[in-house]
Amino acid sequence: MSMLLKSTAERADVWGRLFARYLPDVPFRVWPDIGDPAEVEYLATWVPPENLLEQFPNLKILFSVGAGIDQFDLSRIPPHIQVVRTIETGLTDGMVAYVQFAVRAIQRDMLRYIHQQRQHVWQARPVRSASQFRVGVMGLGQLGVPVAQSLRGMGYVTQGWARSRHDIDGVKCFAGEAERMEFLATTDILVCLLPLTVETTGILNRDLFAQLPRGAALVQCGRGRQMVMDDLMAALEEGQLAAAILDVTDPEPLPADHPLWDRPDVLITPHIASSTPAESGGMTIINNIRRYLNNEAPVGLVDRAMGY
Ligand code: NDP
């Protein structure tokens, strides 16, 4: 059996040391030095190589080195191969910090002040407190729950929406399509932390924006293809949305001539909200291989039917 990593040189370096120390019985290989393909039982990558089964007939687990698996075409991965995403605290901490910053920036009108500074304008606006804002988190998963809890701790009136019913202390939770409209109608700052699936592709569209209170704001940290970019432009233009902080766009990178770049009511970051640190990401994979060898389900096992 062997473990194959197809990723960055930094990960290869760090993981090589971790595997040698903590899982020495599993030979560690770095793409393209794959050794005997029939030996490869574990593959960790962002984008897998073509013809997975033909290349690695004994593959047992395909690990995503990140939190998402939307870069995988699940229909092309044979059903007996387990697909596992990376869940670890470094990624969560990064996302919590990013969303805290984004929501606070909206509360304190920072996008307007950045614009005013560029125009050399000294003009104060009334300060609104956190408790005057209702923040709604779409997606109450590994990232959404700690994000909602931290926003609540910052004093925002916090609520969340997911497919299934959740119970989070101090956070009003809505479930499913039936409760989505009520959730949106009572959300001043919408934070998207949904995975990209067939159902969530294009979910941030004109209809959804229209269901938010006029002048609401958006923090988009999910995946670019969840948003209809032209609908966002229109909602900002019409004043239905007052501001948007986007960590993901469609496409990525956002083309240099895209009109969103120059809008004073938009802040764009290049998909940096959070990432898996090499060290803790490697330990997460090692622990999951140990679990697998002990006949336990890996942490982060993807539900193939749900697509996340
Ligand atoms: P999880 O799989 O743990 O959670 C997903 C949540 O979304 C769940 O609460 C789930 O509901 C909900 N959900 C999924 N589909 C629907 C739907 N159709 N309707 C309503 N709710 C739905 O994911 P994570 O929290 O780990 O990550 C979320 C996403 O964040 C990732 O998939 C990725 O796209 C993005 N991300 C972005 C990063 C960045 O740097 N910008 C970094 C890392 C992740 P339920 O609880 O009922 O199952």
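Rules used in this analysis
Residues numbered from 1 in each chain as written. Predicted model: local features only at pLDDT ≥ 70, side-chain atom pairs only at ≥ 80, totals over all residues. Heavy atoms only, no water. Helix = DSSP H or I, 4+ residues; strand = E, 2+ residues; numbered from the N terminus. Rg over C-alpha atoms; globule rule 2.2 N^0.38 Å. Buried < 20%, exposed > 50% of the residue type's maximum accessible area, 1.4 Å probe, protein only. Domains from an automatic or database assignment. Contact = heavy atoms within 4.5 Å. Buried area = accessible area lost by both parts, 1.4 Å probe. Salt bridge = Lys/Arg side-chain N within 4 Å of Asp/Glu carboxyl O. Polar contact = N/O pair within 3.5 Å; in protein donor to acceptor, adjacent residues only side chain to side chain. Nonpolar A, V, L, I, M, F, W, Y, C, P; charged D, E, K, R; others polar. Near = heavy atom within 4 Å. Areas by Shrake-Rupley, 256 points an atom, 1.4 Å probe, with all protein chains shown as cover. Pairing = 2+ DSSP bridges. Right-handed = clockwise from strand over helix to strand, strands pointing away.

### Some words on the overall build of the protein chain
Regarding its fold elements, the protein chain presents nine helices and 12 strands. Taken over the C-alpha trace, the protein chain has a radius of gyration of 21 Å; the compact-globule value for 308 residues is 19 Å, and the two agree within 12%. Taken along its principal axes, the extent of the C-alpha atoms in the protein chain is 65 × 40 × 30 Å. Considering the protein chain as a whole, with its 308 residues, one finds that 50% of them fall into the buried category.

### Some words on the domain arrangement of the protein chain
By the assigned domains, the protein chain splits into domain 1 (2-88 + 276-293) and domain 2 (90-268). Spacing between the C-alpha centres of domain 1 and domain 2 amounts to 33 Å. Listed as interface residues are 10 residues of domain 1 and, on the opposing side, six residues of domain 2. When the two sides are added together, the surface that domain 1 and domain 2 hide from each other amounts to roughly 650 Å², 51% of it contributed by carbon and sulfur. Ranking the residues of domain 1 by area buried against domain 2 places D70, I87 and E88 at the top, with a combined share of 62%. Where domain 1 touches domain 2, the interface holds one salt bridge. In this assembly, domain 1 and domain 2 are joined by four residue pairs in polar contact (both at pLDDT 80 or more). Of the residues that constitute the side of domain 1 that touches domain 2, the class distribution is four nonpolar, three polar and three charged.

### Describing helix α5 (residues 144-153)
Turning to α5, its buried residues number three or more, namely G144, V145, V147, A148, S150 and L151. Where α5 is buried, its residues contact α3 (89-107), β6 (134-138) and β7 (157-162). One or two steps after α5, the chain reaches G155, where phi turns positive at roughly 105°.

### Quick look at the site of the ligand
Close contacts around the ligand come from 28 residues, with R85, L140, S164, H166 and Y308 the closest. For the ligand, a nitrogen atom lies 2.9 Å from a polar atom in the backbone of R163. Here the ligand has 930 Å² of accessible area as a free molecule, and 92% of this is covered by the chains. Across the shell around the ligand, the residue classes break down as 13 nonpolar, 10 polar and five charged.

### Remarks on the pairing of strand β1 (residues 2-6)
Consecutive side chains of a regular strand alternate in pointing toward one face of the sheet and then the other. Of all the five residues making up β1, four are buried; the element is thus mostly covered by neighbouring parts of the structure. Inspection of the sheet shows β1 paired to strand β3 (residues 40-45) by five bridges, in the parallel sense. Each residue of the ladder has a partner; that of S2, found in β3, is V40. The pairing of β1 with strand β2 (residues 28-30) spans three bridges and is classified as parallel. Residue pairing for β2: L5 is matched across the bridge by V30. Taking the sense of rotation as the criterion, the β-α-β connection linking β1, helix α1 (residues 9-22) and β2 turns out right-handed.

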